[in-house]
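Residue-level listing of the chains:
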Amino acid sequence: MPLAGRHVVLGVSGGIACYKSCTLARRLAEDGATVDVVLTASAAAFVRPLTFEALLGRPVLASLWEKDRALAHITLAKEPDLVIIAPATAHLVARAAMGMADDLLTALLLARTGPVLCAPAMNDDMYAHPATQQNLKVLAQRGWQFVGPEIGPLAEGPSDRPGRMSEPEAIHAAAARLLAPPGPLHGKTVVVTAGPTREHLDPVRVLTNPSSGRMGFALAQAAVARGADVILITGPTDLTPPSGVTVHRVETTVEMQRAVEAAVPQAQLLLMAAAPADYRPTVPLSTKQPRANGRITVELEATPDILGSLNRPKQCVVVGFALETGDGLERARGKLREKGLDYIILNDALEPGAGFEVTTNRVTIVPKRGEPVRLPLLPKRDVAEKILDAVEHTLS
Ligand SMILES: Cc1cc2nc3c(=O)[nH]c(=O)nc-3n(C[C@H](O)[C@H](O)[C@H](O)COP(=O)(O)O)c2cc1C
């Protein structure tokens, strides 16, 4: 919970992405932050203050002229650890760059000397306009941090240029990164593997497994939020990688092995959350096999054991994952010893809410020395935090 106990002002200006700010406000609060929302008049036309008040249980500020909060533009500039503006409209960006102070949000931005994180969101032509680009440059020179905008569909239709606001999760991660006290992972290189791999039987048929990549992506996100330089090596998945992470996409187990071998010499921590295919056809076919009635036999051979064959640097803490069915603790301990791991994370593929394709997981953290720690059923992002909490001891 990198934001626990921190005070955040969430400034919301009047863009169509305002509806996502509700999710962001909630996410920041769930993470333990005290969130004060400040709306521009246009933002209040998109989302009623009541929505934020109900989500946060705190009053929302939308005017310089609130009777009981006459100096809110100063206190809300000075007190918070971070001011986030999401969405930041072209108009808000222009007013802030000009040093205008004609409403509560711009007045507090003018009085602000601490960190500001800005998530621009607008039509792609508005974003590309030299006026907007100039204003953003001015703000960056003054020390503002930015997250996005991304390339993706806009309210008015598809787009292949930046303009779309980053997702709340990415904004939350950027905020967590900015506020993270330098812990043991700060500045360390962390390599994470995620997702399944695929082995081709022929050009159109594959052997794979239902791994979604969520656990690895959650670990990458949690590590980057703690200030690590994260290299995410992922098999095929539909997930959007967390921002601030270097992504290598691979398809087969051998490709994943090569990517891990290339990345690991610089790493201080390796988190092997991928589910690589264990077998591949001995002879993959170069053309599509036509369907035939009756049986076919495909001979399979084992793919390389990425961890087993890894030449790991001495300084690198290695965490493996074991997906077992039934009581797998002894098998997991065996793998931990055989592969020389520092930790193994055991989960049970048959337990409801755990393993592949779900957003939650129930794991047991098994260290090389000491007792295993069994965690309750938790969202994968919380499991990721707990795993990093455990592993950080070894790093420090
Ligand atoms: C439906 C609708 C959607 C809009 N979406 C955006 C947007 O995504 N980004 C933006 O910069 N302006 C957008 N605008 C224009 C702003 O609302 C307008 O520039 C307003 O003055 C912004 O005020 P504020 O920056 O004080 O909140 C939109 C306007 C409307 C009517």
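Provided above is the structure to which this section pertains.
The structure contained in this document is the topic of the report that follows. Note that residues are indexed from 1 along each chain, following the sequence as it is written. Note on the predicted model: pLDDT of at least 70 is required for a residue's local features to be given, and 80 or more for side-chain atom pairs to be given and counted; whole-chain, interface and lining totals, by contrast, use all residues.

1. Some remarks on the nonpolar core
Selection rule: Each nonpolar core comprises buried Ala, Val, Leu, Ile, Met, Phe, Trp, Tyr and Cys residues, the members being joined through C-beta atoms within 7 Å. Residues with at least 20 other C-beta atoms within 10 Å of their own are called buried, those with 12 or fewer are called exposed, and the rest are partly exposed. The C-beta atoms themselves are positioned from the backbone. Helix and strand labels come from DSSP, where a helix needs a run of H or I of at least four residues and a strand needs a run of E of at least two; each type is numbered from the N terminus. Domain segmentation is taken from an automatic or database assignment of domains. Here, residues touch in the contact sense if the C-beta positions derived from the backbone fall within 7 Å of one another.
Formed by 110 residues in total, the largest nonpolar core has its most connected members in Leu10, Val192, Leu219 and Ala223. Looking at this core, the element that brings in the most residues is helix 10 (residues 214–225), giving 9 residues. When residues of this core are sorted by domain, at least three fall in each of domain 1 (7–179) and domain 2 (189–395). Not counting chain neighbours up to four residues away, the residues in contact with Leu10 comprise Ser21, Leu24, Ala25, Leu28, Val35, Val37, Ile84 and Ala86.

2. Comments concerning the sheet that holds strand 13 (residues 269–272)
Let me state the cut-off plainly: Should DSSP find at least two bridges between two strands, the strands are regarded as paired. Axis lines are fitted through C-alpha atoms, for helices just across the contact stretch, and the angle between N-to-C directions can take any value from 0 to 180 degrees.
Across the sheet, which stays open at both edges, the 8 strands sit in the order 12-11-8-13-16-17-19-20 with mixed pairing between neighbours. The strands lining the two open edges of the sheet, one partner per strand, are strand 12 (246–249) and strand 20 (373–374). By the bridge criterion, 4 bridges tie strand 11 (residues 229–234) to strand 12 in an arrangement that is parallel. From the neighbouring strand, Thr234 faces strand 12, where its bridge partner is Arg249. In the packing of helix 12 (residues 329–338) onto the sheet, the strands contacted are strand 16 (317–324), strand 17 (343–348) and strand 19 (363–367), and the crossing angle to strand 16 comes to about 150 degrees.

3. A few points about the site of the ligand
Put simply, the test is: Each residue receives a C-beta atom built from its backbone; the residue is near a molecule or strand if that atom lies within 6 Å of it. Nonpolar residues are Ala, Val, Leu, Ile, Met, Phe, Trp, Tyr, Cys and Pro. Charged residues are Asp, Glu, Lys and Arg, and all others, Gly as well, are polar.
Around the ligand sit 15 residues in total, of which Ser13, Gly14, Gly15, Thr40 and Thr89 are the nearest. Elements with a minimum of two residues in the shell around the ligand: helix 2 (41–46) and helix 5 (90–98). The element that contributes the greatest number of residues to the shell around the ligand is helix 5, accounting for 3 residues. Taken together, the residues of the shell around the ligand break down into 8 nonpolar, 7 polar and no charged.

4. Examining the sheet that holds strand 2 (residues 34–39)
Across the sheet, 5 strands lie side by side as 2-1-3-4-5; this open sheet has parallel pairing. Strand pairing shows two members of the sheet lacking a second neighbour, strand 2 and strand 5 (145–146), which therefore form its edges. Two elements, strand 1 (residues 7–12) and strand 3 (residues 82–88), share 4 bridges in a ladder whose sense is parallel. Across the sheet, the residue bridging to Val8 is Leu82, located in strand 3. Along the sheet, helix 1 (residues 18–30) makes contact with strand 1, strand 2 and strand 3, crossing strand 1 at roughly 175 degrees.

5. Some thoughts on the environment of Pro352
By the secondary structure assignment, Pro352 is in the loop between strand 17 and strand 18 (360–361). For Pro352, a count of 10 C-beta atoms within 10 Å puts it in the exposed group. Sequence separation between Pro352 and Arg362 is 10 residues; the distance between their C-alpha atoms is 9.0 Å.

Geometry only, nothing functional implied.
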